[in-house]
Each structure stands twice: as structure tokens, then as C-alpha cells.
Amino acid sequence: MLTVFDITGTIAFAISGAFVGIHKKMDIFGVLMLAVTTACGGGLIRDLIIGVNPPAMFVEPVFVCIAAATGLSVFLIMYRHKRMPASFAGVYDTLLFWFDTLGLAAFTVDGVMIGINAGYAGNAFLLTFLGFVTGVGGGAFRDVLADQMPDIFKKHIYAVASISGALLAVLLHRTLFPWRLSMIAGFVLVIVIRCLARHYAWNLPKVT
Amino acid sequence: MLTVFDITGTIAFAISGAFVGIHKKMDIFGVLMLAVTTACGGGLIRDLIIGVNPPAMFVEPVFVCIAAATGLSVFLIMYRHKRMPASFAGVYDTLLFWFDTLGLAAFTVDGVMIGINAGYAGNAFLLTFLGFVTGVGGGAFRDVLADQMPDIFKKHIYAVASISGALLAVLLHRTLFPWRLSMIAGFVLVIVIRCLARHYAWNLPKVT
Amino acid sequence: MLTVFDITGTIAFAISGAFVGIHKKMDIFGVLMLAVTTACGGGLIRDLIIGVNPPAMFVEPVFVCIAAATGLSVFLIMYRHKRMPASFAGVYDTLLFWFDTLGLAAFTVDGVMIGINAGYAGNAFLLTFLGFVTGVGGGAFRDVLADQMPDIFKKHIYAVASISGALLAVLLHRTLFPWRLSMIAGFVLVIVIRCLARHYAWNLPKVT
């Protein structure tokens, strides 16, 4: 089950990385590299923190290949049309929102699971952070490399959704819920918060 | 003793992170995250370099909580007043200078101590670097995430003070000084250099 | 043999870091730090990925010293002349191209070798990545710290040359070529691609 969502998340994040690269006028190689960074960067940071050497992306490079293929496809489509095909532009925001949200939910739960399997089931703080960093790390990496302020500092509900989902999964797992159910609950919570935030245009307060 | 200064340093760096976040128009969550990153980022880099997995901030999250509480307080005060209360503005620079300096001195000596305890007492270069990166790493992290050039490249005496203090602590420790005294000497040197640099407006040369 | 090229690479990357620092109006300490970061950053990232704790640059600080001495020399020359001496300006581009190219080739092959010695001879993907990240990581680090978009996203042939050379070295090593010959082949390929790209002004496609 997680694999399906992992692939969805990888593709979604690779698409967002490729778009930022094209927007920043990078060439085809830069676009590919940013797609891979966005899709695999969160897992890389997570693995460095719990000391998985070498990180999973190098041992099982299938997700790197999926991300690179996705980035290449986006580049070729944009290169051919010079801009989004008009028929696609109408649904573009909605599509990206859903890919992004599915990816965030899958990667968040994934990070929690990997932390539990690595033997940190007793440290709720670390597990929640691993879910969070797996979910949002790739996008932060992308923004630092593309020389812009990370979105997560502004698209607030994004990060809050990830933390809430990770925390719920961790707490349910603690209370002896079956792990599969705990993960699904966390996954669903991320998606629900994102949808509610979008529908009601929720915003966190700012000092203006 | 170190714990008192660690708490001071954590609060000071969290305050500086929160101010940068507010200045960059981040929302409440971004401000909290930047406060935590600034306060805990230096220790995180240090732990990754000497291979402490998972890093201390995840095993003993008390400093993360202190940093988050500090960031939240700063945000709430600023949110309420929309700007610094006038009575506070007069002492703001002085207060920040002192918090910042105490934090830098405490974290620098802290990094050296942790390196010695981890078994690297024989490598003076590594120990000095650990003190330096623990002291200035959080601020550099903050600036990279906030999309601005790290202050340490410009607030030069800041980095030089940290390196000098770390080096002094390491060298005294080597010459069989009691470790407590070596650390205090390093701590005091950081503060003295910062005060002298401030009082005499010292500047390192630049190519203009 | 590798040591000669390593020293060349360290000096070349330190020069490029120092120039970026001066261009960004950093003071002498910032210039030194950026020189060291550019020269040693790629190896640092490589060591973190394969779990060498503490990273080589702290155990054998000779390359840090070479990079710092190079950065200091560049700063002093520029400080004295306020700009490039005229007689030097004519050959500046050519000199930097050659230093940069030799450094890239040496560090790329170096990363592959260190990966093989660390026991990852069976993972061609990881080895290629280690060569790539050792070659281009320092420059990316420099650009992130100097608050500009990493060059490798735009100086495309640069990154492609590194990946091609690393891949060739890995593949030849796999087919039971003597390792010395495999490394020289990879080294030469990096240089040939860079020279061809420069001579024919090759460019990778972009969406404009």
C-alpha cells in the first residue's frame, strides 16, 4: 500500500521540482536535478538523522529513476509547448494540489514507519519529526537550491498538516492500535487538513 | 553551569530566529520553526559530523521546547503591538547583543566539551571546529532558510570570537589545565572579544 | 598521483570560492571561510553520505590549510590592487577554466575511489553519485552560502562532465580494468567533455 503512495508522492514532488526549475530558467539537467532533489531530499535528510549509511535512495535507486523520468517528461512537454497546454491549465492547480497532498501524506507516514522500524518506537518526538522532515524536507531542499525562501514558511497549513498527521499516527501506534490502522489514520488526517485549509482558505496569523 | 548558559543561548538564538522570521513576513508557524532552527541547528550539524545518531536535540527535546516557547512569546508580543513596544526599543540592541554573546560563548564551549567527551580530545582542529560550528551553525542555518546571506560572513568578529574562544579552551585543556577552568577561559574570551569589537567598532578588512 | 590532482583541485576551488566571496563584499574572514567551504564541501557531503565520522577534512586538515592559504593569497592580491592586475586579467578566464576543470576531474575520480575503498564497489549508482557530489558539492555549497542559485543548474556541461567521468571510471572498474587505468580514463573524460563544451560553446536546451 505504502509503495503505491510513495510512487505517487515521488511523481508529485518531482513535478513540483521540475516546475520550479523551469520557472528559474534552468536547463534540462538542472530541471532533472531539482526534480530528483525535491522527490528524494526529504528521505535523504531523514536517513542522515537516524544514521542510515548510505541513505536508502542510493541503495534502491528506483525512486531516483522515477523522479528523473518525471522531471524529463515535464521538461519535454513544456519545451514543446513553451507553456502549459491550454486544456491542461484549467485543471493544473487542482491536479498539483492533489499530487502534492497525496505525496505529503504518503511521505509523512512513510517517515514515521521507517523510524519505528529503525527502533525508535519509544521516542514520539523523534518519530513525529521524521514524518515531518520526510514530508516537507524535499520541498525545503528544492527552495534552498533554487535560491528562494522555503514555501513551508508561508504555505503554513502544509507543514501543520504534516506534523498533525505524523503525531496522530505516532500516538495511535502507541496506544496499541494496529500499525496499519494508525498509519492510515495519519495519512487521512494530512489530506483532510489540507482539503479543509484549501476550502475555507485558512491562514495562520502573521505580524504585518 | 553549562546548563544555565545553554538555556540562555537557546533563548537568545531563538529570539534572533524569531525576529528574522517576522521581518521576512513568515506566519506564526514559520517563526516558530526558524526560532527552533536557529537555536538547535548548530548542535544538529555538530552531531551529524561526529556521528551522533539520532542527534541530541531529538533524544532530549527540552531545548527544542524552550526554543519554540521563546519563538511563540516573541511572535505574540510582536503580533499584539505590531511593533516593538517603545519602552523596549531603547534597550533592544543592547539586550540582543548580550543574549547573542552569551549564547555564542556557551554554545562554543559546549561544542568543544561534547567533542572531548566523544573521544576526540587528541584532535585540536576538530575540537575547535566543533566549538565554532555549534556556536555559529544555527545562525547560518537560519540565514540560508530565510534566503539571505549568512551574517557570519559579514559580522566577522562574531565568527572570529567563537574560533578564538574554542581554540583557547582546547589548548588550555591540552596543557593539563583542569577542564572546568579551560572551558571558563574560552567562554570569557568569546565575551571579551565581542565586547572589545563592539566598543571599538572593530572591522575586518574588505576589498571594496 | 591523485594527491597532485587533489592539491590542484583544492587550490582551484578555493580560488573560485574566494572570488565569489570578494564579489559578494565579504570581509577577509568570510572570504577564507568560503574558500574552505568550496574546496572541502564536496568531500564533506560525500563523507556524511557514506557515514565517515568524523569526515576526512577534520582528520587530515592539510587540505583545509591549503584552501585557507589560497583564499588568503587571493584576498591579499585583490586587496592590494583593488581589482585584478591588468596583466593577469587577460589570462584569468583561461586559468580559472583549467584550475576548475582539473579540480572537477580530480575530485570526481577521488569520490569514486573513496567509495570503492569504503566497500561500495558493487553499487554503481552510489559510486557515480559519490564522484558527482565530491566534484560539484563544494561549488553548490558555496553558492547556497553566498545566497545565489548554484552554478551547476546553469553551467550544465559542468555537472554532465562530472557524471560522465564518474560513470566511465565505475564501469571500467567493473569490467576488471586495472583500477588505476579506470580512474585515469574517467579523469580524462571529464577534461575532454569540458574542453569540447567550451570550444564548441555547447549548451543544454532550456524552456525560455
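Everything quoted here is computed from the prediction, not taken from an experiment. (Residues numbered from 1 in each chain as written. Chains lettered and ligands numbered in written order. Predicted model: local features only at pLDDT ≥ 70, side-chain atom pairs only at ≥ 80, totals over all residues. Heavy atoms only, no water.)

Looking at the packing of aromatic side chains
1) Next: Applying the stated criterion to the full structure yields 21 aromatic pairs over all chains.
2) Next: Between Phe129 of chain A and Phe58 of chain B the ring centres are 4.5 Å apart and the planes differ by 40°, which places this aromatic pair in the tilted class. Of this pair, Phe129 of chain A sits in helix 6 (residues 124-145) while Phe58 of chain B sits in helix 3 (residues 56-59), placing the two residues on different chains.
3) Next: Site record: aromatic cluster; members linked through ring pairs are Phe29 and Phe58 of chain A together with Phe125, Phe129 and Phe132 of chain C.
4) Next: Over the ring of Phe97 of chain A we find Arg198 of chain A; its NZ or CZ atom is 4.4 Å from the centre of that ring. (Phe/Tyr/Trp six-rings, centres within 6.5 Å; stacked < 30°, edge-to-face > 60°. Helix = DSSP H or I, 4+ residues; strand = E, 2+ residues; numbered from the N terminus. Lys NZ or Arg CZ within 6 Å of the ring centre and 35° of its normal.)

Concerning the interface of chain A and chain C
1) Next: Contacts between chain A and chain C engage 27 residues on the former and 27 residues on the latter.
2) Next: Summing both partners gives a buried area of about 2400 Å² for chain A against chain C, and 72% of it is carried by carbon and sulfur.
3) Next: Among the residues chain A hides against chain C, the three largest losses belong to Asp27, Phe29 and Phe58 of chain A. Together they make up 27% of the total.
4) Next: At the surface where chain A touches chain C, the tally comes to 0 salt bridges.
5) Next: Connecting chain A to chain C are 3 residue pairs in polar contact (both at pLDDT 80 or more).
6) Next: Mapped by element, the contributors of at least two residues to the side of chain A that touches chain C are helix 2 (28-50), helix 3 (56-59), helix 4 (62-81) and helix 6 of chain A. (Contact = heavy atoms within 4.5 Å. Buried area = accessible area lost by both parts, 1.4 Å probe. Salt bridge = Lys/Arg side-chain N within 4 Å of Asp/Glu carboxyl O. Polar contact = N/O pair within 3.5 Å; in protein donor to acceptor, adjacent residues only side chain to side chain.)

Side note on the side chain of Arg194 of chain C
Residue and element names in this part refer to chain C.
1) Next: Examined against the element boundaries, Arg194 turns out to sit in helix 8 (residues 179-199).
2) Next: Here Arg194 falls in the buried class, since its relative accessible area comes to 10%.
3) Next: Every residue in contact with Arg194, bar those within four places of it in the chain, is listed here: Phe97, Asp100, Thr101, Leu104, Lys155, Tyr158 and Ala161. (Buried < 20%, exposed > 50% of the residue type's maximum accessible area, 1.4 Å probe, protein only.)

Structural notes on the interface of chain A and chain B
1) Next: Tallying the contact residues gives 27 residues for chain A and 27 residues for chain B.
2) Next: Summed over both sides, the interface between chain A and chain B buries roughly 2400 Å², with carbon and sulfur atoms accounting for 73% of that surface.
3) Next: By the criterion of area lost to chain B, the three top residues of chain A are Phe125, Phe153 and Val207 of chain A, representing 32% of everything that side buries.
4) Next: Our count for the chain A to chain B interface comes out at 0 salt bridges.
5) Next: Across the chain A-chain B interface, the total number found is 3 residue pairs in polar contact (both at pLDDT 80 or more).
6) Next: Looking at the side of chain A that touches chain B, the elements with two or more residues in it are helix 2, helix 6 and helix 7 (156-174) of chain A.
7) Next: Considering every element that reaches the side of chain A that touches chain B, the biggest residue donor is helix 6 of chain A, with 5 residues.
8) Next: Class assignment for the residues of the side of chain A that touches chain B results in 19 nonpolar, 5 polar and 3 charged. (Nonpolar A, V, L, I, M, F, W, Y, C, P; charged D, E, K, R; others polar.)

Thoughts on the relation of the copies chain A and chain B
1) Next: For the pair chain A and chain B, the relating rotation is 120°, the translation along its axis is 0.0 Å, and the fit reaches an RMSD of 0.0 Å. Here the transformation between the copies is reduced to the relation of a three-fold axis.
2) Next: Taken together, the interface assignments show that only 11% of the residues at the interface of chain A recur at the interface of chain B, consistent with different surfaces on the two copies. (Least-squares fit on C-alpha atoms with pLDDT ≥ 70 in both.)

Topic: the pattern of salt bridges
1) Next: Counting across every chain of the model gives 9 salt bridges over all chains.
2) Next: Salt-bridge contacts for Arg194 of chain B lead to Asp100 of chain B; the nearest nitrogen and oxygen are separated by 4.0 Å. Of this pair, Arg194 of chain B sits in helix 8 (residues 179-199) while Asp100 of chain B sits in helix 5 (residues 86-117), and the two are 94 residues apart along the sequence. You'll find Arg194 of chain B and Asp100 of chain B in the same group, each marked buried.
3) Next: In this structure, the salt-bridge partner of Arg142 of chain C is Asp143 of chain C, at a minimum N-O distance of 3.0 Å.

Here's the deal with the packing of helix 2 (residues 28-50) of chain B against helix 4 (residues 62-81) of chain B
Residues and elements named next belong to chain B.
1) Next: Running from N to C, helix 2 and helix 4 cross one another at 135°; their axes reach a closest spacing of 8 Å. Here helix 2 lies oblique to helix 4, going by the angle between them. Between helix 2 and helix 4 lies a crossing of right-handed hand. Seen from helix 2, the contacting residues are Ile28, Val31, Leu32, Ala35, Val36, Ala39 and Cys40; seen from helix 4, they are Phe63, Val64, Ala67, Ala68, Gly71, Leu72 and Phe75.
2) Next: Its residues assigned to classes, the contact of helix 2 with helix 4 shows 13 nonpolar, 1 polar and no charged. (Axes fitted to C-alpha atoms, helices over the stretch in contact; angles between N-to-C directions. Parallel < 35°, antiparallel > 145°, perpendicular 65-115°, else oblique. Left-handed = near helix turned anticlockwise from the far one by under 90°.)

Description of helix 8 of chain C
Residue and element names in this part refer to chain C.
1) Next: Between its first and last C-alpha, helix 8 extends 30 Å over 21 residues, near the 30 Å set by a 1.5 Å rise per residue.
2) Next: Inspection of helix 8 places Ser182, Met183, Gly186, Phe187, Val190, Ile191, Ile193, Arg194 and Ala197 among the buried residues, and these make up the whole buried set. Down the axis of helix 8, the buried side of the element spans an arc of 170°, and every buried residue falls inside it. Set apart from the buried face of helix 8 by more than 90 degrees, the exposed residues are Arg180 and His199.
3) Next: Looking at the residues trailing helix 8, positive phi occurs at Ala201, about 50°. (Expected span 1.5 Å × (residues − 1). Arc of directions from axis to C-beta.)

Examining helix 2 (residues 28-50) of chain C
It helps to recall that an α-helix has 3.6 residues per turn; residues three or four apart then point in one direction.
Residues and elements named next belong to chain C.
1) Next: Taking 1.5 Å per residue, 23 residues should reach 33 Å; helix 2 reaches 33 Å between its end C-alpha atoms and fits that length.
2) Next: Along helix 2, the sharpest change in direction is near 50° and occurs at Cys40.
3) Next: Most of helix 2 sits inside the fold, with 20 of its 23 residues counted as buried.
4) Next: Sitting at the amino-terminal end of helix 2 is Asp27, which places a side-chain oxygen 2.9 Å from the backbone nitrogen of Phe29. (Bend = angle between axes of the 7 residues up to and from the residue.)

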